[in-house]
Amino acid sequence: MKTNKYKSYINHSRYGKVPMNNGYKYSLEEVHNSFWLYSYVTVFPKSAIPAEISKQKYCAFPRKLYVDMEAICKKCHGKFLFFALEQKYWYEVLGFYIDVDCVKCIECRKAEQKIKEKALRYEELIKKKNRTNREIKDLKYVAYALYEIGYLKNKSKLAQILKLKC
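Worth saying up front: this structure is predicted, and the values here are computed from it rather than measured. (Residues numbered from 1 in each chain as written. Predicted model: local features only at pLDDT ≥ 70, side-chain atom pairs only at ≥ 80, totals over all residues. Heavy atoms only, no water.)

**So, the overall build of the protein chain**
Looking only at helices and strands, the protein chain features five helices and four strands. Listing each helix as α and each strand as β along the protein chain from the N terminus yields α-β-β-β-β-α-α-α-α. In the protein chain, the proportion of contacts linking residues at least 24 apart, taken out of those at least 6 apart, comes to 56%. Total accessible area on the protein chain is roughly 10,700 Å²; 54% of this is exposed by carbon and sulfur atoms. Charge-centre separation for the protein chain: the mean point of 34 positive side chains lies 8 Å from the mean point of 17 negative side chains. (Helix = DSSP H or I, 4+ residues; strand = E, 2+ residues; numbered from the N terminus. Contact = heavy atoms within 4.5 Å. Areas by Shrake-Rupley, 256 points an atom, 1.4 Å probe, with all protein chains shown as cover. Lys, Arg positive; Asp, Glu negative; His and termini not counted. Charge placed at Lys NZ, Arg CZ, Asp CG, Glu CD.)

**Structural notes on empty space enclosed by the protein**
Scanning the model with the defined rule gives one cavity of 30 Å³ or more in all. As a volume, the largest cavity reaches approximately 30 Å³. Contributing elements (two or more residues each) for the lining of the largest cavity: strand 4 (79-82) and helix 3 (106-127). Considering only residue class, the lining of the largest cavity consists of five nonpolar, two polar and two charged. (1 Å grid on protein atoms, 1.4 Å probe; cavity = no way out; pocket = protein on both sides within 12 Å on 5 of 7 lines; lining within 4 Å. Points joined across faces, edges and corners; volume = space filled by probe spheres on them. Nonpolar A, V, L, I, M, F, W, Y, C, P; charged D, E, K, R; others polar.)

**Comments concerning the layout of surface pockets**
Space inside the largest pocket adds up to approximately 330 Å³. Along the wall of the largest pocket there are 14 residues; nearest its centre are W90, I106, R109, K110 and Q113. Among the elements of the structure, helix 2 (84-93) and helix 3 are those that each provide at least two residues to the lining of the largest pocket. A per-element tally of the lining of the largest pocket places helix 3 first, with six residues. Counted by class, the lining of the largest pocket contains five nonpolar, three polar and six charged residues.

**Things to note about helix 2**
Think of an α-helix as 3.6 residues a turn; residues three or four steps apart then line up on the same face. Those residues of helix 2 lying buried are A84, E86, Q87, W90, Y91 and E92. Packing partners of the buried residues in helix 2 comprise strand 1 (49-50), strand 2 (65-66), strand 3 (69-72), strand 4 and helix 3. Count one or two residues on from helix 2 and you reach G95, which has phi positive near 80 degrees. (Buried < 20%, exposed > 50% of the residue type's maximum accessible area, 1.4 Å probe, protein only.)

Just geometry here; none of it tells us what the structure is for.
Shown next as structure tokens:
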């Protein structure tokens, strides 16, 4: 496959940005018939892999195949691929509901995860009574970072934190 055709896709750190050829030979009709959603999105039949339906949870209508499919990130609005192998992991290992689809690209998901990690660290440190010097520095850094992105909104709270002595 030529990568020029896929250059506008956001790169996935594990799978890239080009649909995979997984070695199975399913027709477009077989892919469309394997799950209701596949008829409504751009799919790449050469990427299709068989699903282990017994490992899928919470489904009245299981996915019989997983297939690389095009998606638009709801945060940055960039095009990306939700890869068949990624779907298999989501639905068979992590146990996600079968009708849940990936709505954010890998970059936006990673950025969101970092914010959540900072928020958890902030909550952990703000509750702590006796902080070490390192923890006070961490708290200042995390509070400022969260304020900058709009997660922490109280400017006077930020000012109190930034005045803490190490």
